[in-house]
Amino acid sequence: NIINFVADQKHLEFVTNVTFTPYQKYRIYGGNKVPQGSEWPTFKFTWKHGANKVPALSSEYRHFDMFRLEISQRRETGAFSELRWRVGTGGFANNRNLSYFDFFHFNSQPIRLLIDDYDDAFMLPAFYSLSTPEFYGEAHMKYTTPYLLLKLLPGLSNTLIRENLSFSYLGSRFHKNYSEIGYSLSEIFFLGEAGVFVGFDDLKYKSFGVKITLRLN
């Protein structure tokens, strides 16, 4: 559809988000409620109603609805160990009236040096290369522990460095089964992380990369 291409247009949208964590615990401090976490994951539902008008095509606004559901959790699994995971899915009620701006754009981070630690990033694909106007399913998992592989070696066993295993997946019409696995060392000089990542299309090798992350926030 020609409306998917970048063109001069007018855009209106209404977006609402509902975030809910069941059985959230609180502590009263100074008369204020301070969240203390929950054993349950956090659910986030997003609905967007949008309208686009492309003067070159029509004088009328074309409407669409987008729906997205995300579930995430961060849990301690032992001393200095934790498991973070996030899954999501979404789609459009009518994707024939979308501009490229309205596509689902995923968090691709192909640059080798990052300055933030992401829970939902794909470390190898190029920017916007995974974008889709179709239904999708997405999953991310990262397990952090003090001792796994390299930390068992004598030179590293007494350091504060931790090891991480990560997995990411995206399924959509144009990227049916993209998956990514990674191994990294974190808390390097208290603020750095270095790792290697391998990407697959339908379980077939696609790419390899090295990533360095500086946690400055």
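Keep in mind it's a predicted model, so treat the numbers as computed, not measured.

Asks: Help me understand the sheet that holds strand S10 (residues 136-145), please; the structure alone is not making it clear to me.
Replies: Across a sheet, paired strands are connected by hydrogen bonds in the backbone, their directions being either parallel or antiparallel. The strand order S1-S4-S5-S6-S10-S11-S12-S13-S14-S8 describes an open sheet built from 10 strands, whose pairing is mixed. Lying at the two open borders of the sheet, with one neighbouring strand each, are strand S1 (10-20) and strand S8 (113-114). Across 10 bridges, the pairing between S10 and strand S11 (residues 162-172) is antiparallel. Counterpart to glycine 137 in the pairing with S11 is glycine 171.

Asks: Looking at this structure, how should I read a nonpolar patch on the surface?
Replies: A cluster of nonpolar side chains, namely Tyr100, Ile111, Leu113, Phe127, Tyr128 and Ile212, defines an oily patch on the protein surface of about 600 Å² accessible area. Its place among the elements puts isoleucine 111 in the loop between strand S7 (107-108) and S8. Residue classification places isoleucine 111 among the partly exposed positions, given a relative accessible area of 47%.

Asks: Can you help me understand the environment of proline 41 in this one?
Replies: With respect to the helices and strands, the residue proline 41 is situated in the loop between strand S3 (32-35) and strand S4 (42-53). Judged by its relative accessible area of 14%, proline 41 is buried. Between the C-alpha atoms of proline 41 and tyrosine 183, which are 142 residues apart in sequence, the distance is 25 Å. The contacts of proline 41, once residues within four sequence positions are left out, are Phe20, Thr21, Pro22, Ile71, Ser72, Gln73 and Trp85.

Asks: Just to check I follow, could you spell out the packing of aromatic side chains for this structure?
Replies: Pairs of aromatic rings are described using the distance from one ring centre to the other and the angle between the two planes. Tallying each qualifying case throughout the model produces nine aromatic pairs. On the numbers, 5.6 Å between centres and 70° between planes, the contact of phenylalanine 14 with tryptophan 47 is edge-to-face. Placement of the pair is phenylalanine 14 in strand S1 and tryptophan 47 in strand S4, with a sequence separation of 33 residues. Phenylalanine 14 sits in the partly exposed class, given a relative accessible area of 47%. Overall, the relative accessible area of 28% leaves tryptophan 47 in the partly exposed class. An aromatic cluster is defined as three or more aromatic residues linked by ring pairs; in this entry it consists of Phe64, Phe92, Phe104, Phe106 and Tyr136. Lysine 33 extends its terminal NZ or CZ atom over the ring of tyrosine 26, reaching a point 4.4 Å from the ring centre.

Asks: Honestly, the confidence of the model for the protein chain in this entry has me stumped. Any pointers?
Replies: Close inspection of predicted coordinates is inappropriate for parts of the model with low pLDDT. Summary statistics for the protein chain give a mean pLDDT of 89 and a share of 96% for residues scoring 70 or more. The secondary structure element of the protein chain with the lowest average pLDDT is helix H1 (residues 154-157), at 78, and the one with the highest is S10, at 96.

Asks: When you look at the pattern of salt bridges in this model, what are you seeing that I'm missing?
Replies: Side chains bearing opposite charge may pair, as long as their charged atoms lie close to each other. Evaluated as defined, the whole model comprises 14 salt bridges. Among the salt bridges present, the one from arginine 215 reaches aspartate 117, with a minimum N-O distance of 3.5 Å. Residue arginine 215 is located in the segment after strand S14 (204-214), and its partner aspartate 117 is located in the loop between S8 and strand S9 (121-122); the two are separated by 98 residues in the primary sequence. With a closest N to O distance of 3.0 Å, lysine 142 and glutamate 193 form a salt bridge. Here lysine 142 is found in strand S10, whereas its partner glutamate 193 is found in strand S13 (residues 192-201), with 51 residues between them in sequence. Neither lysine 142 nor glutamate 193 differs from the other in exposure class; each is buried. One network of salt bridges, in which partners are shared, links Arg74, Glu82, Arg84, Asp117, Asp119, Lys142, Arg162, Glu187, Glu193 and Arg215.

Asks: Any chance you could explain the side chain of glutamate 138 here in plain terms?
Replies: As for its position among the elements, glutamate 138 is in strand S10. Here glutamate 138 is buried and forms no salt bridge, its nearest opposite-charge partner arginine 68 lying at an N-O distance of 5.3 Å. Reaching out from glutamate 138, the side chain makes a polar contact with the side chain of histidine 140 at a distance of 2.7 Å. Leaving out residues up to four positions away in the same chain, glutamate 138 has contacts with Arg86, Val87, Gly88, Phe106, Asp120, Phe122, Tyr169 and Leu170.

Asks: Whenever I open this one, the pairing of S11 confuses me. Can you help?
Replies: A regular strand places its side chains so that they alternate between the two faces of the sheet. Here S11 pairs with strand S12 (residues 178-188) via nine bridges, running antiparallel. Looking at the pairing, serine 168 lines up with glutamate 180 of S12.

Cut-offs used in this document
- Residues numbered from 1 in each chain as written.
- Predicted model: local features only at pLDDT ≥ 70, side-chain atom pairs only at ≥ 80, totals over all residues.
- Heavy atoms only, no water.
- Pairing = 2+ DSSP bridges.
- Helix = DSSP H or I, 4+ residues; strand = E, 2+ residues; numbered from the N terminus.
- Patch = residues over 30% accessible without salt bridge, like charges linked within 9 Å, V, L, I, M, F, W, Y side chains within 5 Å.
- Areas by Shrake-Rupley, 256 points an atom, 1.4 Å probe, with all protein chains shown as cover.
- Salt bridge = Lys/Arg side-chain N within 4 Å of Asp/Glu carboxyl O.
- Buried < 20%, exposed > 50% of the residue type's maximum accessible area, 1.4 Å probe, protein only.
- Contact = heavy atoms within 4.5 Å.
- Phe/Tyr/Trp six-rings, centres within 6.5 Å; stacked < 30°, edge-to-face > 60°.
- Lys NZ or Arg CZ within 6 Å of the ring centre and 35° of its normal.
- pLDDT = per-residue confidence, 0-100.
- Lys, Arg positive; Asp, Glu negative; His and termini not counted.
- Polar contact = N/O pair within 3.5 Å; in protein donor to acceptor, adjacent residues only side chain to side chain.

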